[in-house]
Amino acid sequence: QVQLVESGGGLVQAGGSRRLSCAASGRTFSIHTMGWFRQASGKEREFVGTISSTGTWTQYSDAVKGRFTISRDNAKNTLYLQMNSLKSEDTAVYYCAASTQRYSVSSDATEYDYWGQGTQVTVSS
């Protein structure tokens, strides 16, 4: 089993920045691709960004491309999401996810096996 715990959420003003972290524990050697998803109130969960097992490849949704950066430190078993130029529409619960199936990038939530509990990010305008 793998446990994922997100942190770093909170209230931030529009135009500001925030960094989310996701700490993995348990059978971390089985983790390959990792990703961030988000779900705004009343909306479906959506893909934000993904990173390959070695960190070489990344992919982002059009909504966050150029503003958000995903990275990972495999030595620390930690995934990050640096969010800049935040907008009110970025308000959501952010979830990290880990895949034991894929090594490359993936925006498909069904390819992720483990999920964190989520952390709320609220952007005030």
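Q: Whenever I open this one, the overall build of the protein confuses me. Can you help?
A: Counting its secondary structure elements, the protein contains 0 helices and 11 strands. Scanning the protein from its N terminus toward the C terminus, one meets helices and strands in the order β-β-β-β-β-β-β-β-β-β-β. Relative to a compact globule of 125 residues, whose C-alpha radius of gyration would be 14 Å, the protein shows 13 Å and is just as compact. Principal-axis analysis of the C-alpha atoms places the extent of the protein at approximately 40 × 30 × 25 Å. Counting every position in the protein, which comprises 125 residues, the buried fraction comes to 44%. Counting only contacts in the protein whose residues sit at least 6 apart along the sequence, the fraction spanning at least 24 positions is 58%. Accessible area of the protein: about 6300 Å², with a carbon and sulfur share of 45%. Distance between charge centroids for the protein: 6 Å, based on 12 positive and 10 negative side chains.

Q: Before we go on, may I ask you to explain the side chain of R67 in this structure?
A: Checked against the element boundaries, R67 lands in the loop between β6 (58-60) and β7 (68-73). A distance of 2.9 Å separates the side chain of R67 from the backbone oxygen of S85, its partner in a polar contact. In this view, R67 contacts Q82, M83, N84, S85, L86, K87 and D90; residues no more than four positions away in its chain are not counted.

Q: What's the story with unusual backbone geometry in this structure? I'm lost.
A: Excluding glycine, residues mostly carry a negative phi; peptide bonds, for their part, are mostly trans. In this structure, N77 is a non-glycine residue whose phi angle is positive, near 55°. A relative accessible area of 30% places N77 in the partly exposed class. Phi is positive for S85, which is not a glycine, with a value near 50°. Counting through the fold element by element, S85 comes out in the loop between β8 (78-83) and β9 (92-98). The exposure class assigned to S85 is partly exposed, which follows from its relative accessible area of 42%.

Q: Explain the state of the cysteines to me, please; I cannot follow it from the model alone.
A: One covalent bond between the sulfur atoms of two cysteine residues makes up a disulfide. Summed over all chains, the structure comprises 1 disulfide. Here C22 pairs with C96 through a disulfide, and the sulfurs are 2.0 Å apart. Every disulfide takes its handedness from the sign of the S-S torsion; for C22 and C96 that torsion is 45°, giving right-handed. Placement of C22 in strand β3 (residues 18-26) and of C96 in strand β9 is noted, with a sequence separation of 74 residues between them. Side by side, C22 and C96 carry an identical accessibility label, which is buried.

Q: Looking at this structure, I do not really get the environment of K76. What am I missing?
A: Summarising the element assignment, K76 is placed in the loop between β7 and β8. Given the relative accessible area of 57%, K76 is considered exposed. Counting along the chain gives 51 residues from K76 to S25, while the straight-line C-alpha distance between them is 9.8 Å.

Q: Can you walk me through the nonpolar core in this structure?
A: Across soluble globular proteins, nonpolar side chains show a tendency to be buried alongside one another. Ranked by internal contacts, the top residues of the largest apolar core, which has 26 residues, are L4, W36, F68, L79, L81, M83 and Y94. At the level of elements, β1 (2-7), β3, β4 (34-39), β5 (46-51), β7, β8, β9 and β11 (119-124) are the ones that each hand at least two residues to this core. Not counting residues up to four positions away in its chain, the partners in contact with F68 are R38, V48, Y60, L81, Q82, M83, N84, L86, D90 and Y94. Counting residues in hydrophobic clusters, the runner-up holds 5 residues, among them F37, F47, A109 and Y112.

Q: Teacher, can you tell me more about the sheet that holds β3 here?
A: Strands pair in a sheet through their backbones, by hydrogen bonds, and they do so in one of two ways: parallel or antiparallel. Across the sheet, 4 strands lie side by side as β1-β3-β8-β7; this open sheet has antiparallel pairing. Strand pairing shows two members of the sheet lacking a second neighbour, β1 and β7, which therefore form its edges. For this sheet the average axis-to-axis angle between neighbouring strands, irrespective of direction, equals 15°. Where β1 and β3 come together, 6 bridges link them in antiparallel fashion. Looking across to β3, one finds that E6 is bridged to C22.

Conventions used here
- Residues numbered from 1 in each chain as written.
- Predicted model: local features only at pLDDT ≥ 70, side-chain atom pairs only at ≥ 80, totals over all residues.
- Heavy atoms only, no water.
- Helix = DSSP H or I, 4+ residues; strand = E, 2+ residues; numbered from the N terminus.
- Rg over C-alpha atoms; globule rule 2.2 N^0.38 Å.
- Buried < 20%, exposed > 50% of the residue type's maximum accessible area, 1.4 Å probe, protein only.
- Contact = heavy atoms within 4.5 Å.
- Areas by Shrake-Rupley, 256 points an atom, 1.4 Å probe, with all protein chains shown as cover.
- Lys, Arg positive; Asp, Glu negative; His and termini not counted.
- Charge placed at Lys NZ, Arg CZ, Asp CG, Glu CD.
- Polar contact = N/O pair within 3.5 Å; in protein donor to acceptor, adjacent residues only side chain to side chain.
- Disulfide = S-S within 2.5 Å.
- Core = buried A, V, L, I, M, F, W, Y, C linked by side-chain atoms within 4.5 Å.
- Pairing = 2+ DSSP bridges.
- Axes fitted to C-alpha atoms, helices over the stretch in contact; angles between N-to-C directions.

Everything listed here is a matter of geometry and, on its own, says nothing about what the molecule does.
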